[in-house]
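Coordinate inspection notes
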Amino acid sequence: MRTKNELIELTITGMTAEGNGVGRYEGEAVFVPDTAVGDEIICKIVKPLKRYAFGIIDTLKTPSPDRIKPDCSVAKPCGGCLFRHLQYDAELKIKETIVRDAFTRLGGLSPDFLPILGCTDTDGYRNKAQYPIALQDGKAVCGFYARRSHRLIPYTDCNLQPPVFSEILIAALERINASNLPPYDETSHKGLLRHIYLRRGAHSGEIMLCFVMRKNSPLLRTIAEEMMRLFPDIKSVCVNLNPDKTNVILGKETLCICGSETITDIMCGNRISLSPASFYQVNTLQAERLYQIAAEFAQLTGQETLLDLYCGAGTIGLSMAKRVKRLVGVEIIPQAVENAKQNAAANGIENAEFYCGDAGTIAEQLVEKGEAPDVIVVDPPRKGCDQATIAAVVKMSPRRVVMISCNPATAARDCALFDQLGYHTETVRAVDLFPRTGHTECIVKLTRAGLSQ
Ligand code: SAH
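Here's a quick rundown of the structure. Remember, predicted model here, so these are calculated numbers, not experimental data. (Residues numbered from 1 in each chain as written. Predicted model: local features only at pLDDT ≥ 70, side-chain atom pairs only at ≥ 80, totals over all residues. Heavy atoms only, no water.)

Moving on to the layout of surface pockets. Taken as a whole, the second largest pocket encloses approximately 700 Å³ of empty space. Considering the residues around the second largest pocket, the lining is formed by 28 residues, among which Met15, Thr16, Ala17, Ile98 and Asp101 are closest to the centre. Elements supplying a minimum of two residues to the lining of the second largest pocket: β2 (14–15), α2 (88–106) and α10 (408–420). The dominant element in the lining of the second largest pocket, judged by the number of residues it contributes, is α2, at 9 residues. (1 Å grid on protein atoms, 1.4 Å probe; cavity = no way out; pocket = protein on both sides within 12 Å on 5 of 7 lines; lining within 4 Å. Points joined across faces, edges and corners; volume = space filled by probe spheres on them. Helix = DSSP H or I, 4+ residues; strand = E, 2+ residues; numbered from the N terminus.)

With that settled, consider α2. If you check α2, its first and last C-alpha atoms are 26 Å apart, about what 19 residues at 1.5 Å a residue would give, namely 27 Å. Within the sequence span of α2, burial applies to Tyr88, Ala90, Glu91, Leu92, Ile94, Lys95, Ile98, Val99, Ala102 and Phe103. Those residues of α2 that are buried lie in contact with β2, β7 (112–117), α10, β22 (423–431) and β23 (441–448). Residue Gly108 follows α2 closely and has a positive phi angle near 65°. (Expected span 1.5 Å × (residues − 1). Buried < 20%, exposed > 50% of the residue type's maximum accessible area, 1.4 Å probe, protein only. Contact = heavy atoms within 4.5 Å.)

For the rest of this paragraph, the subject is the nonpolar core. Phe354 and Ile443 are the most contacted members of the largest nonpolar core, which totals 46 residues. Elements represented by at least two residues in this core include exactly β12 (207–213), β15 (263–267), β16 (270–274), α5 (284–298), α6 (315–320), α7 (334–346), β20 (375–378) and β21 (400–405). The greatest single-element share of this core, amounting to 8 residues, is contributed by α5. Residues Leu92, Ile116, Leu307 and Ala363 belong to the second largest nonpolar core, which totals 38 residues. (Core = buried A, V, L, I, M, F, W, Y, C linked by side-chain atoms within 4.5 Å.)

Tyr291, Glu331, Asp358, Ala359 and Asp379 are the nearest of the 15 residues found near the ligand. In this structure, a nitrogen atom belonging to the ligand sits 2.9 Å away from a main-chain N or O atom of Tyr310. In isolation the ligand exposes 560 Å². Once the protein is present, 88% of that is buried. (Near = heavy atom within 4 Å. Polar contact = N/O pair within 3.5 Å; in protein donor to acceptor, adjacent residues only side chain to side chain. Areas by Shrake-Rupley, 256 points an atom, 1.4 Å probe, with all protein chains shown as cover.)

Reading across from one edge, β7-β22-β23-β21-β20-β17-β18-β19 is the order of the 8 strands in this open sheet, with mixed pairing throughout. The open sheet has two edge strands with one neighbour each: β7 and β19 (352–356). Within the sheet, the average angular offset between the axes of one strand and its neighbour, ignoring direction, is 15°. Alignment of strand β17 (residues 305–309) against β20, held across 4 bridges, turns out to be parallel. Counterpart to Leu306 in the pairing with β20 is Val375. The strands touched by α10 are β21, β22 and β23; relative to β21, the strand with the most contacts, the crossing angle is about 160°. (Pairing = 2+ DSSP bridges. Axes fitted to C-alpha atoms, helices over the stretch in contact; angles between N-to-C directions.)

One can find Gln161 in the loop between β10 (152–154) and α3 (163–178). Its relative accessible area of 9% is what places Gln161 among the buried residues. For Gln161, the side chain forms a polar contact with the main-chain oxygen of Lys128, separated by 3.3 Å. Discounting chain neighbours no more than four positions away, the residues touching Gln161 are Gly124, Arg126, Lys128, Ala129 and Tyr131.

Another aspect to go through is the packing of α3 against helix α4 (residues 219–230). Helices that pack against each other are described as a pair by the angle of their axes relative to one another and the distance between those axes. Taken N-terminus to C-terminus, the directions of α3 and α4 make an angle of 145°; their axes are 10 Å apart at the nearest point. Crossing angle aside, the handedness with which α3 passes α4 is right-handed. Contacts from Ile168, Ala171, Ala172, Arg175 and Ile176 in α3 reach Ile223, Glu226, Met227 and Leu230 in α4. In terms of residue class, the contact of α3 with α4 is built from 7 nonpolar, no polar and 2 charged. (Left-handed = near helix turned anticlockwise from the far one by under 90°. Nonpolar A, V, L, I, M, F, W, Y, C, P; charged D, E, K, R; others polar.)

A separate point is the environment of Pro334. In this fold, Pro334 is placed in helix α7. Judged by relative accessible area, Pro334 falls into the partly exposed class, the value being 48%. When the C-alpha atoms of Pro334 and Gly357 are compared, they prove to be 8.2 Å apart, with 23 residues separating the residues in sequence.

Structure follows, in structure tokens:
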């Protein structure tokens, strides 16, 4: 076992799914953040454990050839961009390996792996941001929390966001300070403004500005009107009410205070309306390519019934609606289901129906009704599908299941269960939806036993 503050010579030979570099010292794994494969460092041990240790860089003796200078002044304290110090190709290799390892090691599966689909724009690709607000030196400021803390570092210029977000933040903060709207204070649970939440349609350019408040304030109306005048692309200003002592960002209730209740974007050629509470992939252009792969994996002929579980505002299913006979979507957030129904109607899609509820519960009801979809798409949140959902999916006996996941570990676990229940994990592909960050997306094609090519 190592000792705290011990200095050791270490060569970084691999990367973990959390984005830490790892090297071996006297047979023990040592994990070091902000490193690159090939770095030769003097490592200071900060947390010695029984079989492994965590360290930090004391001296970077020989930098890895994968290293570049991070083009962001706050990369270190922020920690949002785990890989900004790496060539993009090196990042893609890491993400590909994370996905491969999850399926082979955790899942015990041996699918075909297609090469990772990298992103053409590695900056400015996000369509959504939620900035915490705090009071500093008597003024409202916004920025990000320093790594693993709730200490706010003022910053409005994140490279991952469209540049207009920064202009909007600066203008909004000026007005918030001029009107003395008090920022929320986590410790005392006093004050009002908790977050500023922005969303922008990548194709439409329409922007939603949402103030997340402990409770509503009449001061917001004037600010909202001014912001809409200043930025004609702001089509909707909302207030989300979050009265609780919590670090969950959004509360349950949202009110529109200016403009329309939703903004519209284009996704795979469909007009998509979005409420603040609806999930929408943060990287629209790359998500469109992901959904295209989903359609390829689904091998649609026009005769199918397609079940889209965890459908959000309906984007995936609707992108395939014209290539199937019937589309059924299931989603737990009521506003998103409303969006999905409106989105079907707005795009002249008449073969779609949407249900609000838990994926597993509704899937079980569909089983009882004798529904037998030909293809099922599952796109669960990070924790993956639960066993009841997988069991119900299998009972419906679809020819294929297409799984999309932002968590390779739970995706691999779920595919291993599908495997036991007769669904073969045929093809896996990593898709980089979140360049520079530690998040990894993947898409999987599962085929009912006996149907594999
Ligand atoms: N397929 C959509 C959304 C994927 S994100 C898209 O690509 O845009 C996952 C979605 O699952 C979210 O919309 C979330 O609200 C929903 N969700 C989370 N838990 C759920 C559950 N138990 N049952 C149904 N939907 C759920």
